[in-house]
Amino acid sequence: MKASAVAPANIAFIKYWGKKDKVTRLPLNSSISMNIDAAHTTTTIEFSDNNSQDQIELIGGQFSDGEIKRIEAHLDRVRRIAKISHHARVLTQNSFPKSAGMASSASGYAALTIAASEALKLSLSEKELSILARLGSGSACRSIPDGYVYWVKGEDSSSSYAYSLHSPDYWDLRDIICIVEESSKKVSSSEGMDAIHSSPFADVRLKYVNQALKSCVQALAEKDISTLGEIIEKDALNMHAVMMTQTPAILYWNEQTIRLIGLVRQWRSEGLAVYFTIDAGPNIHLICQSADEQSLLQKLRPIAGIRDVLVGRPSSGTKVTQKHLF
Ligand code: PMV
């Protein structure tokens, strides 16, 4: 009853912000993302009679008590499906800083879901795995299928899941992730989005987003980088406008984030097709086509304040691996 899985993080082109139901993590809107290979989580799990309690550890870091409780609740979901009561040992490793607005919860819960269901031989379909991952962390459902992914908001828990729009090799986009801060974010996305309705712009966002989803699907189908890029940027700014006008207000950006937004606009006016997006943290993701990767990296090199740059390529979804962490 032991298995391991590797899950990619994903970067949303159209963001998920707000839940219709907190317990089942039903989103208020559908969203679209790309899985990225540079940022992934590996998890090994073993269920055994010999464990008197769940033992959950992160290599090179530490989970908070709240995070441990949330992971145990996810293990309980899997145990209920398998009709077992065995405790588990879980060891997990991220290839990137945890809680830096990089959706470590997405790759984390996707890896945990696939590793646990493989260990218990649950034989779930991709749709069922995506639903199960969503119960752990909403955006985790998008890390299950391959490549470019659509998470349909659904009407209830059994109809809210993610599926692949395009394979990873459909379009060689890049997500150049500029890490400007490595410490944990002050307000988790899960907690932050629960206050969405305190923003006067929440309803405006939910009305606008349906058209944005359609336009994003079309821009992906046409491989139209300038249209896609503009949609991505606009959606990130739209979500952050909601965050900033919630009570209490959340401002995830720092000076570097704003500086890079300005530089992206400047580089674009000079002819480089690069666009930005930002999740629940100060780090900024630069989206471009593979042909522009080197020019962009060259421009980023001299800029002070960028602690690290990760080059994300489109990735397959979560897979079982034989490389166990213990
Ligand atoms: O499911 P969570 O708690 O990781 O929420 C992710 C929310 C954002 O990263 C801000 C947007 C998104 O769609 O990824």
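Residues numbered from 1 in each chain as written. Predicted model: local features only at pLDDT ≥ 70, side-chain atom pairs only at ≥ 80, totals over all residues. Heavy atoms only, no water.

**Comments concerning the overall build of the protein**
From N to C terminus, the protein includes eight helices and 13 strands. Relative to the compact-globule value of 20 Å for 326 residues, the protein shows a C-alpha radius of gyration of 19 Å, a close match. Along the three orthogonal principal directions, the C-alpha set of the protein runs to about 65 × 40 × 35 Å. Long-range contacts, defined as pairs at least 24 residues apart, comprise 77% of the intrachain contacts of the protein with a sequence gap of at least 6. (Helix = DSSP H or I, 4+ residues; strand = E, 2+ residues; numbered from the N terminus. Rg over C-alpha atoms; globule rule 2.2 N^0.38 Å. Contact = heavy atoms within 4.5 Å.)

**Concerning the environment of Met 34**
Position of Met 34 among the secondary structure elements: in strand 4 (residues 31-48). Considering only alpha carbons, one finds Met 34 and Pro 168, 134 residues apart in sequence, at a separation of 8.3 Å. If near-sequence neighbours (up to four positions away) are discounted, Met 34 is found in contact with Ala 9, Asn 10, Ile 11, Phe 13, Gly 147, Tyr 148, Leu 173, Arg 174, Asp 175 and Pro 314.

**Details of the site of the ligand**
Around the ligand, the surrounding shell holds 15 residues, and the nearest of these are Tyr 16, Ser 105, Ser 139, Arg 142 and Ser 189. Ser 137 places a side-chain nitrogen or oxygen 3.3 Å from an oxygen atom of the ligand. Note that an oxygen atom of the ligand is positioned 2.9 Å from one of the side-chain N or O atoms of Ser 189. Summarising the interface, the protein chains cover 97% of the accessible area of the ligand, which totals 380 Å² for the free molecule. Looking at the shell around the ligand residue by residue, the classes come out as six nonpolar, six polar and three charged. (Near = heavy atom within 4 Å. Polar contact = N/O pair within 3.5 Å; in protein donor to acceptor, adjacent residues only side chain to side chain. Areas by Shrake-Rupley, 256 points an atom, 1.4 Å probe, with all protein chains shown as cover. Nonpolar A, V, L, I, M, F, W, Y, C, P; charged D, E, K, R; others polar.)

**Side note on the pattern of salt bridges**
In the structure shown here, the tally under the stated rule is eleven salt bridges. Asp 279 is the partner of Lys 15 in a salt bridge, and the nearest nitrogen-oxygen pair spans 2.6 Å. With a gap of 264 residues between them, Lys 15 in the loop between strand 1 (2-14) and strand 2 (19-21) and Asp 279 in the loop between strand 10 (275-278) and strand 11 (284-289) connect regions that are remote in the sequence. As far as burial versus exposure is concerned, Lys 15 and Asp 279 are alike and both buried. Note that Lys 19 is salt-bridged to Asp 194, the shortest N-O span being 3.0 Å. Of the two residues, Lys 19 sits in strand 2 while Asp 194 sits in the loop between helix 4 (189-193) and helix 5 (202-221), which places them 175 residues apart along the sequence. You can call Lys 19 buried: its relative accessible area is 12%. Owing to a relative accessible area of 34%, Asp 194 belongs among the partly exposed residues under this scheme. (Salt bridge = Lys/Arg side-chain N within 4 Å of Asp/Glu carboxyl O. Buried < 20%, exposed > 50% of the residue type's maximum accessible area, 1.4 Å probe, protein only.)

**Describing unusual backbone geometry**
Omega for the peptide link from Thr 247 to Pro 248 comes to -5°, which places this bond in the cis form. In this structure, Pro 248 sits in the loop between helix 6 (225-244) and helix 7 (255-269). Within the chain, Lys 83 stands out as a residue other than glycine whose phi angle is a positive 55°. For Lys 83, the position within the fold is in the loop between helix 1 (65-82) and strand 6 (87-94).

**Side note on the nonpolar core**
The biggest cluster of nonpolar side chains holds 38 residues, and the ones touching the most others in it are Trp 17, Leu 260, Trp 267, Ile 284, Leu 286, Leu 296 and Leu 300. When residues of this core are traced back to their parent elements, those giving at least two are strand 7 (148-152), strand 9 (173-179), helix 5, helix 6, helix 7, strand 10, strand 11 and helix 8 (293-300). Broken down by element, the residue count for this core peaks at five residues, all from helix 7. In this structure Trp 17 touches Asn 29, Ser 189, Gly 192, Met 193, Ile 196, Arg 205, Met 239, Val 242, Met 243, Gln 246, Ile 250 and Tyr 252, once residues within four positions along its chain are discounted. Judged by nonpolar contacts, the second largest core, of 29 residues, contains Phe 47, Ile 71, Leu 75 and Ile 114. (Core = buried A, V, L, I, M, F, W, Y, C linked by side-chain atoms within 4.5 Å.)

**A short note on the packing of helix 5 against helix 6**
Contact pair helix 5 / helix 6: the axes reach a minimum separation of 10 Å and the direction vectors enclose 160°. If you check the angle between helix 5 and helix 6, you find them roughly antiparallel. The two elements helix 5 and helix 6 cross, and the hand of that crossing is left-handed. Of helix 6, the residues touching helix 5 (which contributes Ala 202, Arg 205, Tyr 208, Val 209, Ala 212, Ser 215, Cys 216, Ala 219 and Leu 220) are Thr 227, Leu 228, Ile 231, Lys 234, Asp 235, Asn 238, Met 239 and Val 242. For the contact of helix 5 with helix 6, a count of residues per class yields eleven nonpolar, three polar and three charged. (Axes fitted to C-alpha atoms, helices over the stretch in contact; angles between N-to-C directions. Parallel < 35°, antiparallel > 145°, perpendicular 65-115°, else oblique. Left-handed = near helix turned anticlockwise from the far one by under 90°.)

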